[in-house]
Amino acid sequence: MSLNAEAQSVSAADFANLARYEADNARLGAPGRGEQRVVFMGNSITEGWVRYFPAQFPNKPYIGRGISGQTTPQMLLRFRQDVIALKPAVVVILAGTNDIAGNTGASTLGMIQDNIASMAELAAANNIRVVLCSVLPVFDYRWKPGLEPAPKIVALNAWIRQYAASHRHAYVDYHTPMADARQGLRAEYGADGVHPNEAGYRVMAPLVEAGIRKTLSQ
């Protein structure tokens with residue numbers, strides 16, 4: 001589906017879209033000796049970022065595992081296949097906006113928090129270091145208008161920050177530098193108010209790099 005049409009049609013046979021990266025994972029193989037592989041788990045924002053990885057993260061073993069439209073329960077279901085099995089040193093988790101949009105049904109902040117915590121716990125149990133990212137600012141979802149997501153995102157980000165601090169995970173704040181006065185995405189960083197453009201990703205890149213460096217140095 002288009003990255004600009006976030007509302008997702010969910011296949012009952014493959015709710016988590018495990019098929020999306022199955023062949024890519026098989027081809028990837030184990031990390032090389034001394035390789036500090038990083039897997040980016042997320043939705044369309046992560047999926048759309050991958051095209052800029054060569055320019056923004058040159059020669060880095062960074063692997064994108066974003067799927068457009070996905071919510072945190074879907075990511076949790078594919079976390080073992082698309083993250084743990086790849087044996088990364090670090091996982092970067094950017095998730096939650098599509099839950100707030102209701103892409104796979106109504107979801108409370110508590111439900112989103114539980115799923116993010118579960119992914120972080122799975123990673124830690126498998127000796128994978130965790131970088132938790134703030135949800136990007138959104139004033140309104142064009143495919144589902146009127147939900148007033150901005151304050152919900154602010155509240156979710158406050159929880160992510162606190163959870164990261166209490167579990168010694170790195171936290172990356174994309175929201176603060178990318179938000180406008182109404183807590184939406186600044187126009188210069190994305191035309192549809194949800195997905196970053198190249199300029200938006202240029203803001204995000206050094207922030208996540210700092211988070212990765214921090215967690216690898218701990």
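Here we summarise the structure given alongside this text. Bear in mind the structure is a predicted one, so any value in this text is a computation, not a measurement.

## A word on the overall build of the chain
Summing up its helical and strand segments, the chain has 9 helices and 5 strands in all. Seen in sequence order, the chain has helices and strands lined up from the N terminus as α-β-α-α-β-α-β-α-α-β-α-β-α-α. The C-alpha atoms of the chain give 16 Å as radius of gyration, which agrees with the globular expectation for 218 residues (17 Å, within 12%). Based on the C-alpha atoms only, the size of the chain along its principal axes is roughly 50 × 40 × 35 Å. For the chain, buried positions account for 50% of its 218 residues. For the chain, contacts bridging at least 24 residues in sequence account for 76% of all contacts bridging at least 6. Of the side chains in the chain, 21 bear a positive and 18 a negative charge, and the two mean positions are spaced by 7 Å.

## Remarks on the pairing of strand S3 (residues 90-93)
Neither face of S3 is open: one carries Val90 and Val92, the other Val91 and Ile93, and all of them are buried. Where strand S1 (residues 38-42) meets S3, 4 bridges bridge the pair, whose relative direction is parallel. Across the sheet, phenylalanine 40 pairs through a bridge with valine 92, a residue of S3. By the bridge criterion, 4 bridges tie S3 to strand S4 (residues 129-133) in an arrangement that is parallel. Considered in S4, the bridge of valine 91 is made with valine 130.

## Observations regarding the pairing of strand S2 (residues 62-66)
Residues in a regular strand project their side chains so that they alternate between the two faces of the sheet. Buried residues dominate S2, accounting for 5 of its 5 residues. Going residue by residue along S2, you find Tyr62, Gly64 and Gly66 tucked away on one face and Ile63 and Arg65 tucked away on the opposite face as well. Sheet analysis places S1 next to S2, joined by 5 bridges and oriented parallel. Following the sheet pairing, valine 38 is matched in S2 by tyrosine 62.

Procedures and definitions
Residues numbered from 1 in each chain as written. Predicted model: local features only at pLDDT ≥ 70, side-chain atom pairs only at ≥ 80, totals over all residues. Heavy atoms only, no water. Helix = DSSP H or I, 4+ residues; strand = E, 2+ residues; numbered from the N terminus. Rg over C-alpha atoms; globule rule 2.2 N^0.38 Å. Buried < 20%, exposed > 50% of the residue type's maximum accessible area, 1.4 Å probe, protein only. Contact = heavy atoms within 4.5 Å. Lys, Arg positive; Asp, Glu negative; His and termini not counted. Charge placed at Lys NZ, Arg CZ, Asp CG, Glu CD. Pairing = 2+ DSSP bridges.

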